[in-house]
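# Remarks on the overall topology
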Amino acid sequence: MDKTSSEYTRKRNFDVTSEPKEEALRGRSKKAVGALRFVIQKHDARNLHYDFRLELDGTLKSWAVPKGPSLDPQDKRLAIHVEDHPLSYAAFEGRIPRGQYGAGDVIVWDQGIWQPHDDPLKAYASGKLKFSLVGEKLSGDWTLVRTRLKGSGDKDHWLLIKERDELARPSSEYSIVEAQPQSVITGALLARVKANPRDPKPDGPIPDVFKPQLATWVSEPPSGDWLYEIKFDGYRILARIKCAAVRLYTRNGHDWTEKMPLQVKAIEALELQDSWLDG
Ligand code: MN
């Protein structure tokens, strides 16, 4: 084993995982000027957690936050300091194969820039970072502070805390990890929908035909909170996945599987259990 390689590299087999290799010229980006990036990756490993990463000193300083961030300043979220990750890791989404370190799915839950309030290297070394985030989900002022919790052993435990500002919200009213579970890159969820031989079989067989709900004319928008989506011109297609075989149907039930081989392949690659998709 190469003793000069980083903990990040030592833990991974890059012949197997699609995670990025460390940059060959580590340090070059230390001289880079401009905004410092942050990313939060939701990681469905043995235990679901959120990897909070701040660009600093040419690398991504990293903490694993089991519960994820909270907008409530009273919530002090445990953040376990872990090894640095290469800057290119910030764009990683995908599946870390079974048997590999951190096996499981990863999505980019939030990304943006962070602005340290003090000299960030000194603040990081002293164990108390105060900063602002400008992300797609998280904004405003935050603190990461090192703590000495009982029973933490040699683990480097920190706390992630939302500072009081106009973006703070009580947890009784709003949970950002529940309200916004999706990837900011693809909109994907970590839904554990992919076929796993250990998953229980769904109840009963899926129907052979499926009638989709259709839009209807109304004279006024509905009351209450609602969203709209732009109508794209195109084909509404229903996909039936049964025993891994994919068939495509129009909304009137015509079989269009042969007309759309690319879409069939793409859906097959998702390895879904028996189900209907409407899109
Ligand atoms: Mn992780």
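Residues numbered from 1 in each chain as written. Predicted model: local features only at pLDDT ≥ 70, side-chain atom pairs only at ≥ 80, totals over all residues. Heavy atoms only, no water.

### Looking at the side chain of Lys-137
Looking at where Lys-137 falls in the secondary structure, it is placed in the loop between strand S7 (128–135) and strand S8 (139–146). Of the buried charged residues, Lys-137 lacks a salt bridge, with Asp-110 as the closest side chain of opposite charge at 6.2 Å. Within polar-contact distance, the side chain of Lys-137 engages the backbone oxygen of Gln-180 at 3.0 Å. Not counting chain neighbours up to four residues away, the residues in contact with Lys-137 comprise Trp-109, Asp-110, Ile-176, Gln-180, Pro-181, Gln-182 and Val-184. (Helix = DSSP H or I, 4+ residues; strand = E, 2+ residues; numbered from the N terminus. Buried < 20%, exposed > 50% of the residue type's maximum accessible area, 1.4 Å probe, protein only. Lys, Arg positive; Asp, Glu negative; His and termini not counted. Salt bridge = Lys/Arg side-chain N within 4 Å of Asp/Glu carboxyl O. Polar contact = N/O pair within 3.5 Å; in protein donor to acceptor, adjacent residues only side chain to side chain. Contact = heavy atoms within 4.5 Å.)

### Focus: the confidence of the model for the protein chain
Detailed reading of predicted coordinates is not advised where the pLDDT is low. In this model, the protein chain carries an average pLDDT of 87, and 89% of its residues clear a pLDDT of 70 or more. Predicted confidence for residues 192–202 stays below pLDDT 50, and this span has 14 contacts to residues more than four positions away or in other chains. (pLDDT = per-residue confidence, 0-100.)

### A few points about the pattern of salt bridges
Considering all chains together, one arrives at 17 salt bridges under this definition. With a shortest N-O distance of 2.9 Å, Glu-7 and Lys-11 are connected by a salt bridge. Judged by its relative accessible area of 28%, Lys-11 is partly exposed. Glu-258 is the salt-bridge partner of Arg-247, the closest N and O atoms lying 3.2 Å from each other. Remark: Glu-258 occurs in the loop between strand S11 (245–250) and helix H4 (261–268) and Arg-247 occurs in strand S11; sequence separation between them is eleven residues. With relative accessibility at 28%, the residue Arg-247 sits in the partly exposed group. Each of Glu-7, Lys-11 and Glu-83 takes part in a single network of salt bridges with overlapping partners.

### Brief notes about unusual backbone geometry
In the Ramachandran plot, Asp-57 falls in the positive-phi region, its phi being about 60° despite a non-glycine side chain. In this structure, Glu-271 takes a positive phi of about 55° despite not being glycine. With respect to the helices and strands, the residue Glu-271 is situated in the loop between H4 and strand S12 (275–278).

### Digging into a nonpolar patch on the surface
Taken together, the side chains of Trp-226, Tyr-228, Ile-230 and Phe-232 define a hydrophobic patch exposed on the protein surface, amounting to about 590 Å² of accessible area. Tracing the chain through its elements places Trp-226 in the loop between helix H3 (176–179) and strand S10 (237–242). (Patch = residues over 30% accessible without salt bridge, like charges linked within 9 Å, V, L, I, M, F, W, Y side chains within 5 Å. Areas by Shrake-Rupley, 256 points an atom, 1.4 Å probe, with all protein chains shown as cover.)

### What about the coordination of the manganese ion?
The protein atoms donating to the manganese ion are His-43 (ND1), His-49 (NE2) and Asp-51 (OD), with metal-donor distances spanning 2.1 to 2.3 Å. Donor residues for the manganese ion, ordered by position in the chain, follow H-x5-H-x1-D. For His-43, a relative accessible area of 8% translates into the label buried. (Donors = N, O, S within 2.8 Å, 3.2 Å for Na, K, Ca; no water.)

### Some details on the nonpolar core
Counting 25 residues, the largest nonpolar core has Phe-52, Leu-54, Trp-63, Leu-129, Phe-131 and Leu-144 as its most contacted members. Here this core gets four residues from one element, more than from any other, and that element is strand S2 (residues 48–56). Other than its neighbours up to four places away in sequence, Leu-54 contacts Arg-37, Phe-38, Thr-59, Leu-60, Lys-61, Trp-63, Trp-114, Leu-129, Phe-131 and Leu-144. Core analysis: the next-biggest nonpolar cluster, separate from the first, contains twelve residues, Tyr-8, Tyr-89, Val-106 and Val-108 among them. (Core = buried A, V, L, I, M, F, W, Y, C linked by side-chain atoms within 4.5 Å.)

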